[in-house]
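Results of the structural survey
Below, each chain spelled out in residue letters.
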Amino acid sequence: MLNVPSQAFPAPGSQQRVASQGRSKVPLKQGRSLMDWIRLTKSGKDLTGLKGRLIEVTEEELKTHNKKDDCWICIRGLVYNVSPYMEYHPGGEEELMRAAGADGTDLFNEVHRWVNYESMLKECLVGRMAVKPAVPKGMLPKSQVTDTLPREGPSSPSYDWFQTESSVTIAIYTKQKNINLDSVIVDLQGGSLRAETFIKDHSYLIHIGLSHEVQENFSVRVIENVGKIDIVLQKRENISWKCLGQPLEKHDSFITKKDTGLFYRRCQLISKEDVTHDTRLFCLMLPPSTHLQVPVGYHVYLKLSVTGAEIVKPYTPVSVSSLSGFREPAPPPNKYIYFLIKIYPDGLFTPELDRLQIGDFVSVSSPEGNFKLSKLQEVEDLFLLAAGTGFTPMVNVLNYALTCMSSLRKVKLMFFNKTEDDIIWRCELEKLAFKDKRFDTEFVLSAPSPEWNGKQGHVSPALLSEFLQRSLENSRVFLCICGPTPFTDEGIRLLHDLNFSNDEIHGFTA
Ligand code: FAD
Ligand code: NAP
C-alpha cells in the first residue's frame with residue numbers, strides 16, 4: 001500500500017507493524033517515505049521516460065517491460081512505469097514485480113483497492129491500454145464464449161421509473177430479499193443521479209444525467225419482502241418528463257464489488273471534540289442530497305489532499321445516538337456521521353485531518369466491509385476484544401447487540417490500552433454496564449501507573465480464559481476482535497487454541 005511513510009518500517013511499537021492477511025510491509029531505505037515520493041513527483045523529473053507523451057499500449061508491448069529497471073504495470077486500464085517508484089513501495093519491490101509487464105488490477109485490488117493509484121502514480125503514467133477490436137460473438141472460439149456468459153452469482157436487478165405531477169420515482173427491482181436501507185446509496189450531484197445497490201458481493205449501479213431539475217431532498221423506501229427500492233425525487237417544475245435522462249458511465253451495470261471504484265462525496269466538518277488526550281470525536285455532515293447509511297461493522301475511507309497528493313485512510317463510523325446513555329439529545333439519523341479518530345502527531349493523514357476547521361470539507365467514500373450481521377443470529381454470549389482505536393467497530397456491534405439481538409444473554413468487552421488516559425469513552429462504558437446488566441466491560445493496561453489496580457499486560461491465554469466464561473455451559477457464542485494487526489492476529493491465534501472456531505470469530509482487519 002502506498003499510504004504509509006517509512007524509514008525503518010515496521011518500527012517496534014508502531015501500530016502499523018504488519019499489514020493484514022500476512023502481507024508484510026518491508027523496511028524502506030532512508031529518504032524513501034511516501035512524503036519523499038510525493039516530493040519526487042513534484043520535482044518535474046521525467047518519471048516515465050516519455051517526456052510527458054501519453055501512448056496507447058498494446059498487450060505485446062506491455063509484456064516487454066517486465067524488468068526492475070523497466071517495469072510497466074496496467075492498473076484499471078492505465079499503464080504506469082513503476083520503476084522509479086520501486087524503492088518507495090511499502091509492499092516492496094517483490095510485490096510490484098509480481099505484476100511486471102502485466103495487468104496488476106486484481107493484485108492491487110486484493111491488497112488495497114482504496115489506494116488512489118491514479119493520484120499517487122500520475123507522474124508515472126505511460127498511457128492507456130489499447131482497446132482490442134471487438135469480435136462478433138458468434139465468431140468467438142468456444143472457450144471465450146463461456147467467458148462472456150454471466151458467472152454464478154445473484155441475478156441481475158433491473159429498474160423502471162414513473163412520475164406524478166410533482167414527483168419521479170425510480171424503482172429498483174433487486175430480485176433479492178433481505179434488502180434494507182443500508183443496501184442502497186444515493187447521491188444527487190449537479191443534475192446527475194447515482195444509486196448504487198449492494199446485493200451480496202455485487203453492486204448494481206443506476207447512473208443518469210436527469211432530464212430535468214429536481215429538489216435536493218429525496219426519499220428512499222425499501223419494500224423488503226419483494227426486494228424493491230423506491231427513490232422518490234421531487235420535481236422542481238410540475239411538468240411531464242418525456243424521459244428520465246441520459247445514461248452516464250457504468251449505468252445499469254451489475255458487477256462484483258471488488259471491480260467497482262470507490263465513490264466519494266464531500267462532507268462538512270460540523271464539530272470536533274476531545275475524547276482523550278489524543279483521540280477526537282469528529283462529526284461530519286452528509287450532503288442533503290445523499291442517502292448513505294453505514295452497515296454495522298463496516299468502515300469508510302476519508303480522503304484529503306496532503307501537499308497536493310490525495311491521501312486516503314479507512315475509518316469506522318460510530319453511532320452516538322442509539323447506544324443509550326452515550327449522548328443526549330439524539331442527533332437526526334442519517335444526516336451526520338461520527339468518527340473516533342486518534343491523532344498521531346507524526347502521522348501522514350491524521351494531523352492534516354486535525355488541522356481542518358469547522359465548516360471545512362473532507363471526502364467520504366461509500367462503506368466497505370465483510371462483517372456479517374447474520375452471524376449474530378441466535379448468539380447468546382458476545383465477546384468483544386478491542387485494543388486502542390480497535391474499539392471503534394465494537395461501538396456499533398455493541399449497540400446492535402443490546403438493541404436488536406433478542407437471543408442475547410451477555411455481551412462483554414475487554415478493552416486493551418496503554419494507560420488509563422488512553423481509554424476511549426471509559427465513563428460512558430461504565431455507565432452503560434451499570435444500566436444494562438447484560439453488558440460488562442474490563443480494561444487491561446499495558447503501561448499502567450502504579451495506582452492502577454485493574455488488569456495488566458497484553459492479550460494472553462490467562463486473560464482470555466478468565467474473560468471468556470459462557471453464561472450457560474453450551475451457549476452460542478460469537479467473538480469480535482480489533483486492534484493493531486499483531487494484536488488481532490495473536491488474539492485470533494489464542495482463540496483458536498481455546499477451541500473457538502473460525503465461524504465464531506470475526507477479526508476486523510484492513
Ligand atoms: P501513519 O502515517 O499511518 O502513522 C501512524 C503511526 O505509525 C505513527 O505513530 C507513525 O509514526 C508510525 N509510522 C508510520 N510510518 C512509519 C515508519 N515507516 N516507521 C515507523 N513508524 C511509522 N483509526 C482511528 O483512529 N479510528 C478509526 O475508526 C479507524 N478505523 C479503521 C478502520 C480500518 C478498516 C482500518 C484498517 C484502520 C482504521 N483506523 C482507524 C486506522 C487509520 O486508518 C490510520 O491507520 C490511522 O489513523 C493512522 O493514520 P496516519 O496517516 O495519521 O498515520
Ligand atoms: P495502541 O494504543 O498503540 O495499542 C493499544 C493496545 O494494544 C496497547 O495496550 C498495546 O500495548 C497493545 N498492543 C499493541 N501491539 C500489540 C501486540 N503486538 N500484541 C499485543 N498487544 C499489542 O493502539 P492504537 O494506536 O489505538 O492503534 C489501534 C490500531 O487498530 C491501529 O493499527 C488501527 O489501524 C487498528 N484499527 C483497525 C480497525 C479495523 O476495522 N480493521 C478499526 C480501528 C482501528 P503496547 O503498550 O505494548 O503497545
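Up top is the structure.
Attention in this report is confined to the structure presented alongside it. (Residues numbered from 1 in each chain as written. Chains lettered and ligands numbered in written order. Predicted model: local features only at pLDDT ≥ 70, side-chain atom pairs only at ≥ 80, totals over all residues. Heavy atoms only, no water.)

Structural notes on the overall build of the protein
Spelled out, the test is: Every helix listed is a DSSP run of H or I at least four residues long, and every strand listed is a run of E at least two residues long, numbered separately from the N terminus. Only protein chains enter the area calculation, which uses a 1.4 Å probe; residues under 20% of their type maximum are buried, those over 50% are exposed, and those in between are partly exposed. By definition, residues are in contact when any of their heavy atoms lie within 4.5 Å.
For the protein, the helix and strand inventory stands at 11 helices and 29 strands. Residues classed as buried in the protein amount to 49% of the 510 residues present. Sequence-distant contacts, at least 24 apart, represent 70% of the contacts inside the protein between residues at least 6 apart.

Describing the pairing of strand 19 (residues 300-306)
Using the following cut-off: By definition, two strands form a pair when at least two bridges between them are found by DSSP.
With six of its seven residues buried, strand 19 lies for the most part within the structure. Inspection of the sheet shows strand 19 paired to strand 20 (residues 309-315) by seven bridges, in the antiparallel sense. Following the sheet pairing, Tyr301 is matched in strand 20 by Pro314. Taken together, strand 19 and the strand that follows it, strand 20, pair antiparallel across an intervening segment of two residues, in which Thr307 is found at a positive phi of about 40°. Bridge analysis of strand 19 against strand 23 (residues 361-365) gives two bridges, and the strand direction is antiparallel. Residue pairing across strands places Leu302 opposite Val364, the latter belonging to strand 23.

Points about the sheet that holds strand 7 (residues 158-163)
Hydrogen bonds between backbone atoms are what pair the strands of a sheet, whose relative direction is either parallel or antiparallel. For the record, the criterion: For helices, the axis comes from a line fit to the C-alpha atoms of the stretch in contact; other axes are also lines fit to C-alpha atoms, and the angle between any two N-to-C directions lies between 0 and 180 degrees.
Spatial strand order, 7-8-13-12: four strands in an open sheet with antiparallel pairing. Looking at strand neighbours, the two that pair on one side only are strand 7 and strand 12 (214-223), the edges of this open sheet. Sheet twist, expressed as the mean angle between neighbouring strand axes with direction ignored, is 20°. Inspection of the sheet shows strand 12 paired to strand 13 (residues 228-235) by seven bridges, in the antiparallel sense. Note that in strand 13 the partner of Arg221 across the bridge is Asp230.

Comments concerning the packing of aromatic side chains
Rule in force here: Stacked, edge-to-face and tilted labels apply to pairs of Phe, Tyr and Trp rings (six-membered ring for Trp) whose centres lie within 6.5 Å, assigned for plane angles under 30 degrees, over 60, and everything in between, in that order. A ring is scored as having a charge over it whenever the NZ atom of a lysine or the CZ atom of an arginine sits within 6 Å of its centre and within 35 degrees of its normal.
Scanning all chains against the criterion turns up 10 aromatic pairs. Centre to centre, the rings of Phe383 and Phe467 are 5.7 Å apart; their planes meet at 65°, and the pair counts as edge-to-face. With a gap of 84 residues between them, Phe383 in strand 24 (residues 381-387) and Phe467 in helix 10 (residues 461-467) connect regions that are remote in the sequence. The exposure classification of Phe383 matches that of Phe467, with both residues buried. Here the aromatic rings of Phe391 and Phe415 are separated by 4.8 Å at their centres, their planes lie at 20°, and the arrangement is stacked. Here Phe391 is found in the loop between strand 24 and helix 8 (392-404), whereas its partner Phe415 is found in strand 25 (residues 410-417), with 24 residues between them in sequence. For the pair formed by Phe391 and Phe415, the shared burial category is buried. For the cation-ring pair, Arg194 lies above Phe263, with the distance from its terminal atom to the ring centre recorded as 4.1 Å.

Remarks on the pairing of strand 6 (residues 125-129)
Of the strand pairs in this sheet, strand 1 (residues 55-57) and strand 6 are connected by three bridges, and their pairing is parallel. Paired with Val57 across the bridge in strand 6 is Met129. Pairing of strand 4 (residues 78-81) with strand 6 involves three bridges; the strand directions are antiparallel. Looking at strand 6, one finds that Leu78 is bridged to Arg128.

Focus: helix 1 (residues 34-41)
Our working rule: What the arc covers is the set of directions going from the helix axis to the C-beta atoms.
Listing the buried residues of helix 1 in full gives Leu34, Trp37, Ile38, Leu40 and Thr41. In an axial view of helix 1, the angular spread of the buried residues amounts to 160°, which keeps them on one side of the axis. In this structure, the buried side of helix 1 is in contact with helix 5 (117-120), strand 19 and strand 20.

Notes on the pattern of salt bridges
The condition that has to hold: In what follows, salt bridge is the name for a side-chain nitrogen of Lys or Arg lying within 4 Å of a carboxyl oxygen of Asp or Glu.
This model, assessed by the stated rule, comprises 22 salt bridges. Across the pair Arg265 and Asp187 runs a salt bridge, and its minimum N-O distance is 2.6 Å. One end of the pair, Arg265, is in strand 16 (residues 264-274); the other, Asp187, is in strand 9 (residues 184-189), with 78 residues separating them in the sequence. Judged by relative accessible area, which is 1%, Arg265 ranks as buried. Judged by its relative accessible area of 2%, Asp187 falls in the buried class. Within this structure, Lys272, Asp274, Arg280 and Asp354 form a network of salt bridges that share partners.

Regarding the side chain of Gln176
Here Gln176 lies in the loop between strand 8 (167-173) and strand 9. Assessed through its relative accessible area of 14%, Gln176 is described here as buried. Excluding residues within four positions of it along the chain, Gln176 makes contact with Pro154, Ser155, Ile199, Lys200, Val226 and Gly227.

Some words on the sheet that holds strand 21 (residues 317-318)
Judged by pairing direction, the sheet is antiparallel, and its seven strands sit side by side in the order 20-19-23-16-17-22-21 without closing on themselves. This sheet does not close on itself; its edge strands, each paired only once, are strand 20 and strand 21.

Shape descriptors only; they carry no functional weight alone.
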